[in-house]
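The chain contents come next:
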Amino acid sequence: MFVEPDDRRVLERQGWRTTLEYRENHVRARDGRLLETAPTWTAEAERFDGDFAVVSAVGATIEEAWAELRAIIADRDVTPSRVRLVRQT
């Protein structure tokens, strides 16, 4: 079994734990009629290698969300938010 799409598979191989979330944004008329639904996919990746890093990206398709997330991680100028975990003594 393969993790798809390819961008997600590459992130998994690099040690990132990935998740995907789907949501529909509803556009309604003033009278409440549904005019449009806009699919929104949120791809997230997290990794712990001394520091905890979490990165997310949004796209209209699954492939777009994963490609955007991979681009963000690959872009050396963008530093993901990091949380340092410290053991209590």
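Whatever comes next refers back to the structure up there.
Residues numbered from 1 in each chain as written. Predicted model: local features only at pLDDT ≥ 70, side-chain atom pairs only at ≥ 80, totals over all residues. Heavy atoms only, no water.

1. Quick word on the packing of aromatic side chains
This is how it is decided: Stacked, tilted and edge-to-face are the three classes applied to pairs of Phe, Tyr and Trp rings, where Trp contributes its six-membered ring and a pair requires centres within 6.5 Å; stacked means planes under 30 degrees apart, edge-to-face means over 60, and tilted covers the rest. Secondary structure elements follow DSSP: runs of H or I no shorter than four residues count as helices, runs of E no shorter than two count as strands, and numbering proceeds from the N terminus.
Under the defined criterion, the tally for this structure stands at 1 aromatic pair. With a centroid separation of 4.6 Å and 50 degrees between ring planes, the pair formed by Tyr22 and Trp41 is classed as tilted. Highlighted residues: Tyr22 in strand E1 (residues 17–28) and Trp41 in strand E2 (residues 34–48), separated in sequence by 19 residues.

2. Digging into the pairing of E2
Basically, it comes down to this: Strands are labelled as partners when DSSP assigns at least two bridges between them.
The pairing of E1 with E2 spans 12 bridges and is classified as antiparallel. Pairing of His26 across the sheet is with Thr37, part of E2. Relative to strand E3 (residues 52–59), E2 runs antiparallel, the two sharing 8 bridges. From the neighbouring strand, Phe48 faces E3, where its bridge partner is Phe52. Two successive antiparallel strands, E2 and E3, enclose a turn made up of 3 residues, where Gly50 displays a positive phi of approximately 100 degrees.

3. Quick look at the environment of Ala38
Note the cut-off: Think of it in three bands: residues with accessible area under 20% of the maximum for their type are buried, residues over 50% are exposed, and the middle band is partly exposed, with areas taken using a 1.4 Å probe on protein chains only. The contact criterion used is simple: two residues touch if any of their non-hydrogen atoms lie within 4.5 Å.
Structurally, Ala38 can be placed in strand E2. Classification of Ala38 by relative accessible area gives partly exposed; the value is 25%. Once residues within four sequence positions are removed from consideration, Ala38 is found in contact with Arg23, Glu24 and Asn25.

4. Considerations on the pattern of salt bridges
As a reminder, the rule being used: Take a side-chain nitrogen of Lys or Arg and a carboxyl oxygen of Asp or Glu: if they are within 4 Å of each other, that pair is a salt bridge.
Applying the stated criterion across every chain yields a total of 5 salt bridges. In this structure, the salt-bridge partner of Arg17 is Glu46, at a minimum N-O distance of 2.6 Å. One end of the pair, Arg17, is in strand E1; the other, Glu46, is in strand E2, and 29 residues separate them in sequence. The exposure class of Glu46 is partly exposed, given its relative accessible area of 24%. For Asp31, the salt bridge goes to Arg33, with nearest N and O atoms at 2.9 Å.

Function cannot be inferred from these measures alone, as they are strictly geometric.
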